[in-house]
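# Examination of the molecular architecture
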Amino acid sequence: MDASGFAPDPLIASDIAAYLAAQQAKALIRVITCGSVDDGKSTLIGRLLHDTHQIFDDQMAALTSDSQRIGTQGQAIDFALLVDGLAAEREQGITIDVAYRFFSTPRAKFIIADCPGHEQYTRNMVTGASTADAAIVLVDARKGVLTQTRRHSYLVQLLGIRHVVLAVNKMDLVGYDQAVFDAIVADYQAFAASIGLADVSAVPISGLGGDNVIAAAPAMPWYAGPPLLGLLEGLDVSDDAAAARPFRMAVQWVNRPDLDFRGFAGLVNHGRVRPGDAVRILPAGRTTTIARIVTADGDLDEAVAGQSVTLTLADDVECARGSVIAAAEAPPTVAGQFEATLVWMAEEPLLPGRSYLLKLATQTVAATIQPPKFAINVNTLEQVAAKTLELNGIGTVQLATAQPIVFEPYADSRDLGGFILIDRASDATVAAGMIHFALRRSQNIHLQAVDISRDAHAAQKGQKAKVLWLTGLSGAGKSTIANLVEKQLHLLGRHTFLLDGDNVRHGLNKDLGFTDADRIENIRRVGEVARLMTDAGLIVITAFISPFRAERAMVRAMMAPGEFMEIHVDTPLAAAEARDVKGLYKKARAGQLKNFTGIDSPYEAPDAPELRIDTTMMSAEDAAMLIVESLIG
Amino acid sequence: MMSLTHLQRLEAESIHILREVVAEAENPVLLYSIGKDSSVMLHLALKAFAPAPLPFPLLHIASGWDFRAMLAHRDMMVARHGLTLLVQHNDEAAAAGVDPFDTPTPVYTRLMLTEQLKAALDHHGFDAAFGGGRRDEEKARAKERILSFRNAAHAWDPKTQRPELWRLYNARKPRGTSIRAFPLSNWTELDIWQYIALENIPIVPLYLAAPRPTVERDGMILMVDDDRMALRPGETAVERSIRFRTLGCYPLSGAVESRADTLDTVIQEMLLSTRSERLGRAVDHDPTASMEKKKQEGYF
């Protein structure tokens with residue numbers, strides 16, 4: 001090992017201006033490292049940082065003392081301690097989260113995402129892989145290609161990383177034996193070809209000893225190729241390909257300081273753009289031309305992929321956050337149904353039919369997911385039947401969005417083909433998705449324009465359409481109150497319709513049971529029916545347990561603003577159970593009724609209902625009167 | 001074919017992040033510490049939203065012990081760009097005699113900086129705060145996402161970080177929680193200095209070497225910035241040519257002896273230095289993993 005970790009480029013001392021100019025010309029290469037636990041990833045990265053002289057004396061001193069205290073290499077330096085940053089990680093001797101490390105060489109600058117190898121942290125690896133140009137796949141020479149190696153390589157391929165470097169590590173522990181290396185490489189190449197990884201190079205190394213990390217290893221004269229760092233420096237990571245594609249820019253923010261200026265701020269996703277270029281604004285579809293490319297440093301003659309700019313348009317067309325400004329002659333697809341690969345990243349599994357938020361570029365829309373066509377067993381890469389996706393599960397699904405979105409296949413565009421799914425209740429990111437293509441039916445079904453508008457329907461009845469959505473536990477009194485409300489409204493000459501849970505389940509929804517997925521579908525259908533009725537101008541009263549916040553939010557989103565009135569018929573579980581009009585609680589307690597809300601299935605009370613009825617304080621008649629009053633005003 | 005330099009790429013990425021957060025947050029703020037990273041942040045923010053004015057205010061957590069040159073620089077920048085500046089200061093603790101000399105540093109930092117940051121964010125209802133943190137600074141930062149979520153008590157939980165893919169940032173959050181956003185995550189110290197030089201970004205003069213009154217204390221060179229600094233027996237203020245690698249409260253900021261009075265020579269010295277940047281900060285001299293611990297308590 002070198003005496004010191006630090007030895008700067010001689011040009012810094014002799015000609016700092018020349019050194020700084022040279023920095024500007026360097027490529028920035030983003031790399032992820034992946035491999036199984038104990039393949040020596042952290043050690044390799046520590047070694048890269050050390051041998052490229054990125055470790056300062058004080059860090060080296062801390063590392064030396066840490067190595068003595070908590071290292072795993074006896075008296076020697078434990079390079080892994082340089083990157084295992086979190087206290088929890090040091091306690092367990094493993095890496096939990098993606099760590100980003102920086103180093104530069106005379107030829108390139110690197111950002112390395114160190115990705116944990118544990119099965120349960122696949123989501124971190126996907127995070128690291130999503131922005132990487134290249135992947136270092138580490139294999140322990142003693143163990144060869146493992147299940148984890150295959151899993152990580154599959155993810156590398158799935159996320160579309162262009163270059164793979166197979167680093168066969170710990171060669172010192174197999175006597176620097178070429179036969180071992182050749183066998184592992186052959187094994188891996190066969191696997192890589194089978195999943196469509198094209199650009200794979202391989203290098204035998206010892207991260208611990210530094211063999212073939214930055215310099216050739218005397219111990220392995222049989223290897224004639226460049227060391228690991230040389231392989232990385234030689235990668236072509238230019239984004240000429242992105243710049244050569246047709247122009248697209250997703251609008252992030254409308255810049256409107258005064259009435260005279262209206263600019264659209266965004267990062268150019270693909271291609272190049274000049275003032276005067278014809279563009280189409282999607283999804284609205286109007287065409288116009290680019291007037292100016294505005295930046296704080298003055299107007300530009302041209303902007304290319306990767307630049308953040310503000311565009312102004314020649315015409316006053318509809319364009320907002322979420323719009324995509326695209327080359328008029330080659331616009332991207334607009335559709336509402338697609339096939340995609342999903343990587344599920346939450347503890348709570350995918351619920352087909354539930355309304356999630358889908359964010360793609362700057363568009364955020366509601367989306368529902370069909371049960372997977374199949375899931376991928378990432379160990380065998382077989383397609384297996386699946387009804388859902390669990391944490392770290394990967395599968396092919398069909399999705400439908402509430403509004404059409406602008407996109408491109410992921411294979412063509414990370415920016416416009418990659419999306420995340422967000423849980424509406426927790427706001428957590430629950431999945432990453434990569435779009436394959438739009439489904440034909442979504443391009444062929446168009447909404448039929450009708451001549452009598454919903455407002456006309458309502459106006460003829462002399463009322464405003466409304467949904468009075470009663471939610472609460474079984475036995476809370478929803479149906480009783482709903483009936484009274486309808487009677488009173490009827491007497492007042494209003495046109496109403498009552499949708500009741502039990503009645504709907506005898507007809508429209510008789511194919512559905514009481515699992516979470518079926519409950520969601522039950523509410524979705526009721527929501528759609530209620531929406532059609534509001535289109536007809538009716539006041540719709542519904543009485544459904546509707547236990548989940550996400551589905552109530554989904555129905556609310558189906559209606560026009562202000563049309564949905566959430567009414568929480570609030571009864572303590574004990575009170576509802578004491579009433580037990582239908583004897584259902586008794587059955588549920590006896591285990592004869594599964595998935596009963598309040599007993600073995602949760603009820604998520606509304607956070608901010610338009611109205612809350614406390615049935616312990618109020619009779620059904622008073623409750624109905626309160627509802628009617630708040631409606632009529 | 002025109003190709004972007006790596007600094008142009010970093011700039012575009014940071015501007016993209018600034019715009020995403022502004023588009024999705026309800027009430028963002030820029031935490032302005034007046035240091036070099038804050039100066040780059042402010043510059044990028046002005047660029048991101050031009051020709052519109054900055055769509056958020058600046059928040060300065062003033063300990064009362066900032067270098068005078070920092071406050072002058074702050075006020076100059078605010079006047080030049082017509083910025084909205086909010087200043088938060090713990091009057092109560094200051095009146096009670098909490099100061100950087102006699103109060104143990106962790107207590108002082110918590111009372112004057114961390115708690116004040118939390119109080120200011122709560123008081124103004126900011127749901128997103130931009131900070132100038134970089135991943136090359138420290139081990140815990142290296143693992144933090146660009147959009148980092150804090151619970152209602154402003155605590156960071158490294159075990160529940162959201163996956164963060166591509167250029168997609170999920171800025172949605174449950175009520176009561178907030179975002180710390182780090183648009184400079186992928187910059188290195190060299191990138192910061194080079195960008196300051198290329199873009200002519202104004203910085204506090206203390207970053208450049210000049211003769212200044214100093215004392216040597218506990219292994220650090222401290223600048224005697226005003227007469228509140230009582231000299232210990234045997235100490236006399238000595239004029240040394242010094243500069244600072246990081247700026248904060250002057251009694252806690254160690255200077256380096258240097259003749260580098262231009263950006264190029266500062267960069268040259270930095271690249272030749274064998275000591276890391278945060279070494280001059282007393283606040284970082286806590287036990288290992290302290291940054292992670294401080295972040296869990298709500299430190300930026």
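Coordinates for the structure precede this section.
The notes below deal with the structure included here.

Parameters at a glance
Residues numbered from 1 in each chain as written. Chains lettered and ligands numbered in written order. Predicted model: local features only at pLDDT ≥ 70, side-chain atom pairs only at ≥ 80, totals over all residues. Heavy atoms only, no water. Core = buried A, V, L, I, M, F, W, Y, C linked by side-chain atoms within 4.5 Å. Buried < 20%, exposed > 50% of the residue type's maximum accessible area, 1.4 Å probe, protein only. Contact = heavy atoms within 4.5 Å. 1 Å grid on protein atoms, 1.4 Å probe; cavity = no way out; pocket = protein on both sides within 12 Å on 5 of 7 lines; lining within 4 Å. Points joined across faces, edges and corners; volume = space filled by probe spheres on them. Helix = DSSP H or I, 4+ residues; strand = E, 2+ residues; numbered from the N terminus. Salt bridge = Lys/Arg side-chain N within 4 Å of Asp/Glu carboxyl O. Polar contact = N/O pair within 3.5 Å; in protein donor to acceptor, adjacent residues only side chain to side chain. Nonpolar A, V, L, I, M, F, W, Y, C, P; charged D, E, K, R; others polar. Pairing = 2+ DSSP bridges.

### Comments concerning the nonpolar core
Ranked by size, the top nonpolar core spans 78 residues in total, and within it B:Leu18, B:Val40, B:Phe56, B:Phe130, B:Leu147 and B:Trp187 carry the most contacts. Setting aside chain neighbours within four positions, we find B:Leu147 in contact with B:Ile17, B:Val21, B:Glu164, B:Tyr169, B:Asn170, B:Ala171, B:Ile179, B:Arg180 and B:Ala181.

### What to know about empty space enclosed by the protein
Scanning the model with the defined rule gives five cavities of 30 Å³ or more in all. The volume enclosed by the second largest cavity comes to roughly 130 Å³. If you trace the second largest cavity, you find 13 residues lining it, with A:Asn269, A:Ala361, A:Asp415, B:His16 and B:Arg167 closest to the centre. Every element with two or more residues in the lining of the second largest cavity is listed here: strand E7 (248-258), strand E8 (261-270) and helix H12 (414-417) of chain A together with helix H1 (6-24) of chain B.

### Looking at the interface of chain B and chain A
Taken together, the contacts link 66 residues of chain B with 90 residues of chain A. Of the charged contacts in the structure, one is a salt bridge between B:Glu24 and A:Arg321, with a shortest N-O distance of 2.7 Å. Applying the counting criterion to the chain B and chain A interface returns 27 residue pairs in polar contact (both at pLDDT 80 or more). Contributions of two or more residues to the side of chain B that touches chain A are made by H1, helix H2 (36-49), helix H6 (189-199) and helix H7 (263-272) of chain B. Considering each element in turn, the side of chain B that touches chain A owes the most residues, twelve residues, to H1(B). Taken together, the residues of the side of chain B that touches chain A sort by class into 31 nonpolar, 14 polar and 21 charged.

### What about the sheet that holds strand E8 (residues 220-223) of chain B?
Residue and element names in this part refer to chain B. Strand order in the open sheet formed by four strands is E8-E7-E9-E10, and the pairing between neighbours is antiparallel. Both edges of this open sheet fall to E8 and strand E10 (256-257), since each of them pairs with a single strand only. Sheet topology places strand E9 (residues 238-243) next to E10; two bridges connect them, and they run antiparallel. Residue pairing in the sheet places Ile-242 in a bridge with Glu-257 of E10.

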